Amino acid sequence: MERESGLILKSTGVKLEWRILGQDPFASYSDLVVMTFKGSCAYEPAAPRYDELGPLAITRTTNGEVQPFGEVDCGRVVNTAANAMSGEDYNRADLLIGRAMGRVVAHELVHMLTKSRTHGTEGVEKPALSGKQLIAASLPLSAFDIDRLKQELH
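Here's a quick rundown of the structure. In this text, all values refer to a predicted model and were calculated from it rather than measured experimentally. Residue indices begin from 1 for each chain and proceed along its sequence in written order. The predicted origin of the model limits local features to residues at a pLDDT of at least 70 and limits the giving and counting of side-chain atom pairs to 80 or more, whereas totals for whole chains, interfaces and linings rest on all residues. Side-chain measures were taken over the full set of non-hydrogen atoms in the model, leaving aside hydrogen atoms and water.

We now examine the overall build of the protein. When helices and strands are counted, the protein shows five helices and three strands. All radius of gyration figures rest on C-alpha atoms, and the globule criterion is 2.2 Å times the number of residues raised to 0.38. Its C-alpha atoms give the protein a radius of gyration of 15 Å, near enough to 15 Å, the size a compact globule of 154 residues would have. Reported as C-alpha extents along the three principal axes, the dimensions of the protein are approximately 45 × 35 × 30 Å. To sort residues, take the accessible area from a 1.4 Å probe on protein chains only and compare it with the maximum for the residue type: under 20% means buried, over 50% means exposed, and anything in between is partly exposed. Across the 154 residues of the protein, 42% fall into the buried class. Throughout, a contact is declared for two residues whenever any of their heavy atoms are within 4.5 Å. Within the protein, residue pairs in contact and separated by at least 24 positions form 68% of the contacts whose partners lie at least 6 positions apart. Surface accessibility in these figures is a Shrake-Rupley result with a 1.4 Å probe; residues are shielded only by whichever protein chains are displayed. Summing over all exposed atoms, the protein offers an accessible surface of approximately 9200 Å²; the carbon and sulfur share of this is 53%. Seen as two clouds, the 17 positive and the 20 negative side-chain charges of the protein have centres 2 Å apart. The way it works is that DSSP assigns letters per residue, a run of H or I at least four long becomes a helix, a run of E at least two long becomes a strand, and they are numbered from the N terminus. Lys and Arg are tallied as positive, Asp and Glu as negative. Neither His nor the chain termini are counted. Taken as the charge centre is NZ of Lys, CZ of Arg, CG of Asp or CD of Glu, depending on the residue.

Shown next, in the form of structure tokens:
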């Protein structure tokens, strides 16, 4: 998950540093986003099936302004990705689930970092990602989204 979201955002100049809540209670940060994960984020064979409708994650807003807080619905992400798996995919399910989680995190980070609820028309910032897209070999940011991030960050 960390590697995948980092790879997706690398072309924008964004460098992610991951921390666990409470890891360093006295640290201060100039740019901070907070992502919480609900449910189990691990692949478990024969997990209950969810439909692919509804959000995989959300970014919080207050009075219409995007906040640096997000939440990932791990159960929905894991099941959406698992429903797209077949054959040999199950032998590398942990890798594919991590990839899917990283893509969902990267999607929400783009909202937070651009302070926008706008979605892209292609790549990881599309309004909805299918299970196949979550586990595919590649799902980069579009050139448009890379430019949006670079403009916001510089």
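Once that is clear, we can look at the environment of Gly 120. Considering the arrangement of structural elements, one finds Gly 120 in the loop between helix 3 (93–114) and helix 4 (131–135). Sequence separation between Gly 120 and Asn 79 is 41 residues; the distance between their C-alpha atoms is 24 Å.

One non-glycine residue, Asn 63, lies in positive phi territory at about 50 degrees. By the element assignment, Asn 63 lies in the loop between strand 2 (57–62) and strand 3 (65–73). For Asn 63, a relative accessible area of 79% puts it in the exposed group. With phi around 55 degrees, Lys 115 is a residue other than glycine that occupies positive phi space. Inspection of the secondary structure assignment puts Lys 115 in the loop between helix 3 and helix 4.

Within helix 5 (residues 143–153), the full set of buried residues consists of Asp 145, Ile 146, Arg 148 and Leu 149. Projected down its long axis, helix 5 carries its buried residues within an arc of 160 degrees, all on one side. Opposite the packed face of helix 5, turned more than 90 degrees from it, sit the exposed residues Ala 143, Phe 144 and Gln 151. On its buried side, helix 5 packs onto helix 1 (2–10) and helix 3. Each C-beta atom gives one direction from the helix axis, and the arc is the one those directions make.

Strand order in the open sheet formed by three strands is 1-3-2, with mixed pairing between adjacent strands. Because the sheet does not close on itself, it has two edges, and the strands there are strand 1 (34–38) and strand 2. Across the sheet, the mean angle from the axis of one strand to that of its neighbour is 25 degrees, orientation sign disregarded. In the sheet, strand 2 pairs with strand 3 via five bridges, with the strands oriented antiparallel. By the bridge assignment for strand 3, Thr 61 is matched with Val 66. Against the sheet, helix 2 (residues 74–84) contacts strand 1 and strand 3, and its axis sits at roughly 60 degrees relative to strand 3. Contacting strand 1, strand 2 and strand 3, helix 3 runs over the sheet at an angle of about 170 degrees to strand 3. By the convention used here, strands pair only if DSSP detects at least 2 bridges between them. Between N-to-C directions, angles cover 0 to 180 degrees, with each direction set by a line fitted to C-alpha atoms, over the stretch in contact for helices.

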